[in-house]
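# A structural walkthrough
In case you want the letters, here they are:
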Amino acid sequence: MHTLSKRNTKTWAALLLSGVLLFSMNTPSYAATSTEALTKPSWTSSSLMLSEVNAQEDVRIKEIHAVPSKNLVYVHSYQPVTKINSKTALDWNLDSLQALDATTGKLKWNVIFHEKSGPYTTYSNSLYADNGTAYVYMEYSDGTKKVYSYNTSGKTNWVKTVNAPSDLYLMNNGTLMIASSTGPLSNGSVRSSISLYDAKGKLITAKTINGAVLKAGNDRIVVDASKQTKVGNYWQQAANPKLEIYDLTLNRLSFYQFPTNANTIGDGGGESLAILEDGSVIMRANFDNTGNKLMGFGSDGKLAWGRSIAGNAFVQTAGNGYTVFTGQKLELYTMKGKVTERMFKDQQDVLTVVEHTQDGNYKIDFVNTGYILDPTTLESIHEFTSSPEDMKGYSTYTNDIIYNFKNEALSKYVLNTANN
């Protein structure tokens, strides 16, 4: 990120002060919501363990995604496979995308990304459109890399081969963005290829840019345009990157150089970089001698403010707002300032976090109590109790339903809609 001159330093201080002055306190009391006990699931699926190869005895989750309009639940999982012969150079993964009936939990279809005579998978990722289209990225042991599009019947819409390691992003106009990069050149500079496709797999636009894509979503693309530094055999991104923001036409809107005393790598919990629905961008950094700050960039891409937060704060976004969770306090902000806060006295787990649910709410789980919260008010949509063992494992929430994966199977828990 850019080194600030003395003039820019004063500008930064003024921006920080203006951000503080925008805070408006609103701390309402919350009426008790009917709390229900999650004890018995509506259904529990059969084991999702695959038997095609000699896999280890566990199934690990990449993603669970429900499609209420199609009465489907997707489970993208993988099973670690131990090297067993000379034909397999490394341990690898048996990846699958399974679609379950949301009413019964019965398997409707399954795609396995491995053939006995073909290469094995080494890395994968997936994301899902609102209409149920599933996009899956796979890297194979022979060096090939592919992007698959599946419809809700499990049929292939299209397959594309990409030439470099890639990340997938869904934008707010329904287009799929594929960002590919071969990694730093000998001087540390990075080049990335950005391609936007429509739902039919038709290329809309493409561009090669300087820098590595950090994140994309809604109608913004955030890029680190700094050179990387080689440490031993590895390249390391700049702790104070030069941030560039692009729109969906792949035009650069703005750039900002973080000062030399900033470190944006790996500090704090939750989202370190997020794109709000209106195109605003929030990024977290730790500044020498002053601590953690959130940096807010407006929908025009320009720096709007900086707000101090605790070093142990957990940050999560939803819609046009974001939350800061510290200790027992959950605070809600928009780009304009503080909206409200809420205190929780529930017993916390060591890893208590705030999640952004599939349907755009907040979810927070304590040791024995869980909450689904309205993203604009922090009021409870649902409050439920469960034992730590009940909800152990990977879970996701959407539309009054919690899907929980445990002991190789998926379970569905329906929350009482009378709480709404």
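Each remark here, short or long, concerns the structure printed above.
No experiment lies behind these values; they were computed from the predicted model shown.

### Here we look at the overall build of the chain
Within the chain one finds one helix and 37 strands. Going through the 420 residues of the chain one by one, you find that 51% of them count as buried. The contacts in the chain between residues at least 6 apart in sequence include a share of 47% that link residues at least 24 apart. If you sum the accessible surface of the chain, you get close to 19,800 Å²; carbon and sulfur atoms cover 48% of it.

### Quick look at the pattern of salt bridges
One pass over the structure, following the stated rule, counts 10 salt bridges. Here Arg342 ties to Glu383 by a salt bridge, and the two come within 3.4 Å at their closest N and O atoms. Of this pair, Arg342 sits in strand E30 (residues 337–343) while Glu383 is found in strand E34 (residues 380–385), placing the two residues 41 residues apart along the sequence. Judged by its relative accessible area of 9%, Glu383 falls in the buried class. Where salt bridges share partners, they join Lys242, Glu244 and Arg252 into one cluster.

### So, the pairing of strand E28 (residues 321–326)
The buried fraction of E28 is high, at five of six residues. Alignment of strand E27 (residues 314–318) against E28, held across five bridges, turns out to be antiparallel. Pairing of Ala318 across the sheet is with Gly321, part of E28. Connecting the antiparallel pair E27 and E28 is a turn made up of two residues, with Gly319 showing a positive phi of about 60 degrees. With six bridges connecting them, E28 and strand E29 (residues 329–334) associate as antiparallel partners. When the sheet's bridge partners are listed, Phe325 is paired in E29 with Leu330. Joining the antiparallel neighbours E28 and E29 is a turn of two residues, in which Gly327 adopts a positive phi near 65 degrees.

### Topic: unusual backbone geometry
In the Ramachandran plot, Asn218 falls in the positive-phi region, its phi being about 50 degrees despite a non-glycine side chain. Residues other than glycine seldom take positive phi values, yet Asn399 does so here, at roughly 50 degrees. Among the residues examined, Asn399 registers a relative accessible area of 43% and is labelled partly exposed.

### A look at the sheet that holds strand E16 (residues 220–224)
Adjacent strands of a sheet pair through backbone hydrogen bonds, lying either parallel or antiparallel. Strand order in this open sheet of four strands is E15-E16-E19-E20, and the pairing throughout is antiparallel. The strands lining the two open edges of the sheet, one partner per strand, are strand E15 (212–217) and strand E20 (252–257). Shown here is a sheet whose adjacent strand axes are inclined to one another by a mean of 20 degrees, direction ignored. By the bridge criterion, four bridges tie E16 to strand E19 (residues 242–246) in an arrangement that is antiparallel. Within E19, the position partnered with Val223 by the bridge is Glu244.

### Thoughts on the environment of Ser42
Secondary-structure assignment places Ser42 in the loop between strand E1 (35–37) and strand E2 (43–44). Put simply, Ser42 and Val414 are 372 residues apart on the chain and 6.9 Å apart in space, counted from C-alpha to C-alpha. Once residues within four sequence positions are removed from consideration, Ser42 is found in contact with Lys412 and Val414.

### A look at the environment of Thr144
Checked against the element boundaries, Thr144 lands in the loop between strand E8 (134–140) and strand E9 (145–150). Remark: the alpha-carbon pair of Thr144 and Ala164, spanning 20 residues in sequence, is separated by 8.6 Å. Those residues in contact with Thr144 that sit more than four places away from it in its chain are Met138 and Glu139. A polar contact is formed between the side chain of Thr144 and the side chain of Asp142, at a distance of 2.6 Å.

### Things to note about the side chain of Ser96
Tracing the sequence through the fold places Ser96 in strand E5 (residues 92–101). Engagement of the side chain of Ser96 in a polar contact is seen with the side chain of Gln98, the distance being 3.4 Å. Beyond its immediate sequence surroundings of up to four residues, Ser96 is in contact with Leu50, Val75, His76, Ser77, Asn110, Val111, Ile112 and Phe113.

Criteria and thresholds
Residues numbered from 1 in each chain as written. Predicted model: local features only at pLDDT ≥ 70, side-chain atom pairs only at ≥ 80, totals over all residues. Heavy atoms only, no water. Helix = DSSP H or I, 4+ residues; strand = E, 2+ residues; numbered from the N terminus. Buried < 20%, exposed > 50% of the residue type's maximum accessible area, 1.4 Å probe, protein only. Contact = heavy atoms within 4.5 Å. Areas by Shrake-Rupley, 256 points an atom, 1.4 Å probe, with all protein chains shown as cover. Salt bridge = Lys/Arg side-chain N within 4 Å of Asp/Glu carboxyl O. Pairing = 2+ DSSP bridges. Axes fitted to C-alpha atoms, helices over the stretch in contact; angles between N-to-C directions. Polar contact = N/O pair within 3.5 Å; in protein donor to acceptor, adjacent residues only side chain to side chain.

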